[in-house]
Amino acid sequence: MKKYHLCIMPGDGIGPEIMKEGVKALKVIEDRNDVSFELMEVPFGASAWFEFGTCCPDETWDTCDRADAIVKGTVGLSHEESRKIPIDEQPERSALLPMRRRYDTFANFRPVYLPKAFHHFSPLKPAIIGEGIDIMIIRELVGGIYFGEKEVGTNEQGLRYAREVLEYDEGLIQRTVKIAFETAMKRRKKLHNIHKSNVLKSSILWTDIIMEIAEDYPEVDVQHMLVDAAATALCLNPTQFDVMVMENMFGDILSDQGGGILGSLGLMPSACLGPQKAYYEPSHGSAPDIAGKNIANPYSMIGSIAMMLDMSFGMHEEASNLWNAMSAVFANGYSTGDLSRSTDSVKIVSTSEFGDRVAEELASSFLQNT
Ligand code: IPM
Ligand code: MN
């Protein structure tokens, strides 16, 4: 039997609730495959800070180091609550970004996916959604302004200032761009380079490198689009996109917009891949306003687990069974409340009921396969 060690980080806010639903799906998969998942749950995030005085205790790092993959919920607090933690010790700065750096998880896959059948979840008109939205945003995750030099102080005029550096070298760009081309080759062979070359030198370097690497992929249609124009195009004509590749901060912003055009950030799973280690997390935050109410959408968490099955463990069929199980729950008219905003045809279910229904559909998908 194949045994995988998973480091499980429920985190803050809605993290623990949606993680539970992801684990339900893993149990179904364990029951019917020659595989076992050993779940090693660890403290991570603001909740860890209040308990241990650090957002990521040493034991958490040790467990991550030993794990075959890391499954992360969400971290962060409301604006008021986070002020209780010193700035440099807040979970984003002291745990999440260090984890990205520690495992060099440079390739962040953020699917923006809505089949035609679920167009009613989206705030966009059906005519704009056409045959459905199916975009893969590839965001560089360990470079750029997030990780550049930072300085705060008071300048000669006595004014407070902050300075942060956006820096990329060609190695960092090349490895991300190659993955984007490889991904495009497996999909519809279209790649959008999202840049800001009219202002940023770093974008000129990105674009040069994309054009160099494009020579190795003559079948891929490469388009260059300014990031501000891309924000508009995502609303007006999202179906033109297949793979979009971009630097860290552009990817942060446009991937949230991706959630917006689908109808909810709750529909945004993600995979963060490094040379040796990968971790999987929803693209969204911890939604402290709805935490503990059993109303959050666990799709992004369950979808992140589907991505793990596919990308870390080669369990392609079970990954697609899991996606199909979630689609089946939607097709039966059920959804969490976040997706009822733009339609009244949704039967609203709780987080745990959504997860139960996914697990049931998943279990029955196996019966159909055999
Ligand atoms: C994301 C999040 C993080 C980011 C935050 C929590 C640091 O918004 O994964 O998109 O900005 O990368
Ligand atoms: Mn973000």
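Note that this is a predicted model, so its numbers are computed, not measured. (Residues numbered from 1 in each chain as written. Chains lettered and ligands numbered in written order. Predicted model: local features only at pLDDT ≥ 70, side-chain atom pairs only at ≥ 80, totals over all residues. Heavy atoms only, no water.)

Peer 1: What is the right way to look at the layout of surface pockets in this model?
Peer 2: Where empty space is left becomes clear once a probe the size of a water molecule has been rolled over the atoms. The calculated volume of the largest pocket comes to roughly 660 Å³. In this structure, the largest pocket is lined by 25 residues; those nearest its centre are Met-136, Arg-187, Met-307, Asp-310 and Trp-323. Listed by contribution, the elements that provide at least two residues to the lining of the largest pocket are strand E4 (107-115), strand E5 (132-140), helix H7 (170-186), helix H11 (299-311) and helix H12 (316-331). Here the element with the most residues in the lining of the largest pocket is H12; it accounts for seven residues. For the lining of the largest pocket, the residue count by class is 15 nonpolar, five polar and five charged. Considered as a void within the structure, the second largest pocket measures approximately 480 Å³ in volume. Every residue lining the second largest pocket is counted, 25 residues in all, and those nearest its centre are Val-75, Glu-92, Leu-96, Asp-252 and Gly-285. The set of elements that each furnish at least two residues to the lining of the second largest pocket consists of strand E3 (69-74), helix H5 (91-102) and helix H10 (248-262). At six residues, the largest contribution of residues to the lining of the second largest pocket is made by H5. Classifying every residue of the lining of the second largest pocket gives eight nonpolar, eight polar and nine charged. (1 Å grid on protein atoms, 1.4 Å probe; cavity = no way out; pocket = protein on both sides within 12 Å on 5 of 7 lines; lining within 4 Å. Points joined across faces, edges and corners; volume = space filled by probe spheres on them. Helix = DSSP H or I, 4+ residues; strand = E, 2+ residues; numbered from the N terminus. Nonpolar A, V, L, I, M, F, W, Y, C, P; charged D, E, K, R; others polar.)

Peer 1: Explain the nonpolar core here, please?
Peer 2: Nonpolar side chains tend to gather and get buried jointly when the protein is soluble and globular. Counting 92 residues, the largest nonpolar core has Leu-6, Phe-37, Ile-133, Phe-181, Met-244, Met-308 and Leu-322 as its most contacted members. Setting aside chain neighbours within four positions, we find Ile-133 in contact with Val-112, Tyr-113, Leu-114, Leu-124, Pro-238, Ile-261 and Leu-262. Counting 22 residues, the second-largest nonpolar core is a separate cluster that includes Val-75, Ile-85, Ala-95 and Tyr-279. (Core = buried A, V, L, I, M, F, W, Y, C linked by side-chain atoms within 4.5 Å. Buried < 20%, exposed > 50% of the residue type's maximum accessible area, 1.4 Å probe, protein only. Contact = heavy atoms within 4.5 Å.)

Peer 1: Before we go on, may I ask you to explain empty space enclosed by the protein in this structure?
Peer 2: Here the structure, examined in full by the defined rule, presents two cavities of 30 Å³ or more. Within this model, the largest cavity holds a volume of roughly 50 Å³. Tallying contributions element by element places E4 first for the lining of the largest cavity, with three residues. Of the residues that constitute the lining of the largest cavity, the class distribution is seven nonpolar, one polar and no charged. As a volume, the second largest cavity reaches approximately 40 Å³. Lining the second largest cavity we find Asn-193, Ile-194, His-195, Ser-202, Ser-203, Trp-206, Glu-247 and Phe-250. Of all elements in the fold, only strand E8 (190-195) and helix H8 (201-214) reach the threshold of two or more residues within the lining of the second largest cavity. Grouping the amino acids of the lining of the second largest cavity by side-chain chemistry returns three nonpolar, four polar and one charged.

Peer 1: Teacher, can you tell me more about the pattern of salt bridges here?
Peer 2: Between side chains of opposite charge, pairing is possible as soon as their charged atoms come close. The tally for this structure, following the rule as stated, stands at 22 salt bridges. Across the salt bridge formed by Arg-139 and Asp-252, the nearest N and O atoms sit 3.8 Å from each other. Here Asp-252 lies in helix H10 and Arg-139 lies in strand E5, a separation of 113 residues in the sequence. The class for Arg-139 is buried, based on a relative accessible area of 1%. Given the relative accessible area of 26%, Asp-252 is considered partly exposed. For Asp-242, the salt bridge is made with Arg-187, and the minimal N-O distance between the two is 2.8 Å. Of this pair, Asp-242 sits in the loop between helix H9 (227-236) and strand E10 (243-246) while Arg-187 is found in the loop between H7 and E8, placing the two residues 55 residues apart along the sequence. What makes Asp-242 buried here is its relative accessible area of 0%. (Salt bridge = Lys/Arg side-chain N within 4 Å of Asp/Glu carboxyl O.)

Peer 1: Which parts of the structure should I look at to understand the site of ligand 1?
Peer 2: Around ligand 1, the neighbouring residues are Glu-92, Leu-96, Arg-100, Arg-110, Arg-139, Tyr-146, Asp-252, Glu-281 and Ser-283. Between an oxygen atom of ligand 1 and a side-chain N or O atom of Arg-110, the distance comes to 2.7 Å. Residue Tyr-146 places a side-chain N or O atom 2.5 Å away from an oxygen atom belonging to ligand 1. When ligand 1 sits alone it has 320 Å² of accessible area, and the protein chains cover 78% of it. Cavity membership is defined here by more than half of the atoms lying within 2 Å of grid points; on that basis ligand 1 lies in the second largest pocket. (Near = heavy atom within 4 Å. Polar contact = N/O pair within 3.5 Å; in protein donor to acceptor, adjacent residues only side chain to side chain. Areas by Shrake-Rupley, 256 points an atom, 1.4 Å probe, with all protein chains shown as cover. Sits in = over half its atoms within 2 Å of the grid points.)

Peer 1: Just to check I follow, could you spell out H12 for this structure?
Peer 2: For an α-helix, the turn length of 3.6 residues means that residues three or four places apart are oriented alike. Taking 1.5 Å as the rise per residue, H12 with 16 residues should run 22 Å; its terminal C-alpha atoms sit 22 Å apart, in good agreement. What H12 keeps buried is the set Glu-318, Ala-319, Asn-321, Leu-322, Ala-325, Met-326, Val-329 and Phe-330. Looking one or two places after H12, you find Gly-333, whose phi comes out positive at around 95 degrees. (Expected span 1.5 Å × (residues − 1).)

Peer 1: I keep staring at the sheet that holds E3 and nothing clicks. Help me out?
Peer 2: Paired through their backbone hydrogen bonds, the strands of a sheet run either parallel or antiparallel. Sheet architecture is open: 10 strands sit in the order E2-E1-E3-E12-E11-E4-E5-E10-E8-E9, paired in mixed fashion. One side of each edge strand has no neighbouring strand; the edge strands of this open sheet are strand E2 (35-41) and strand E9 (221-226). The average undirected angle you get between the axes of adjacent strands in this sheet is 25 degrees. Sheet topology note: the E3/strand E12 (residues 278-280) ladder contains two bridges and is parallel. Looking at E12, one finds that Ile-70 is bridged to Tyr-279. Packing against the sheet, helix H3 (residues 58-66) makes contact with strand E1 (2-11), E2 and E3, and its axis sits at approximately 145 degrees to E1. Sitting on the sheet, H9 touches E5, E8, E9 and E10, and the angle it makes with E9 is about 105 degrees. (Pairing = 2+ DSSP bridges. Axes fitted to C-alpha atoms, helices over the stretch in contact; angles between N-to-C directions.)

Peer 1: I tried to follow a negative patch on the surface on my own but got confused; where do I start?
Peer 2: On the surface, Glu-167, Asp-169, Glu-170, Asp-208, Glu-212, Glu-215 and Asp-216 cluster together to form a negatively charged patch. Within the fold, Glu-167 resides in the loop between strand E7 (160-164) and H7. (Patch = residues over 30% accessible without salt bridge, like charges linked within 9 Å, V, L, I, M, F, W, Y side chains within 5 Å. Lys, Arg positive; Asp, Glu negative; His and termini not counted. Charge placed at Lys NZ, Arg CZ, Asp CG, Glu CD.)

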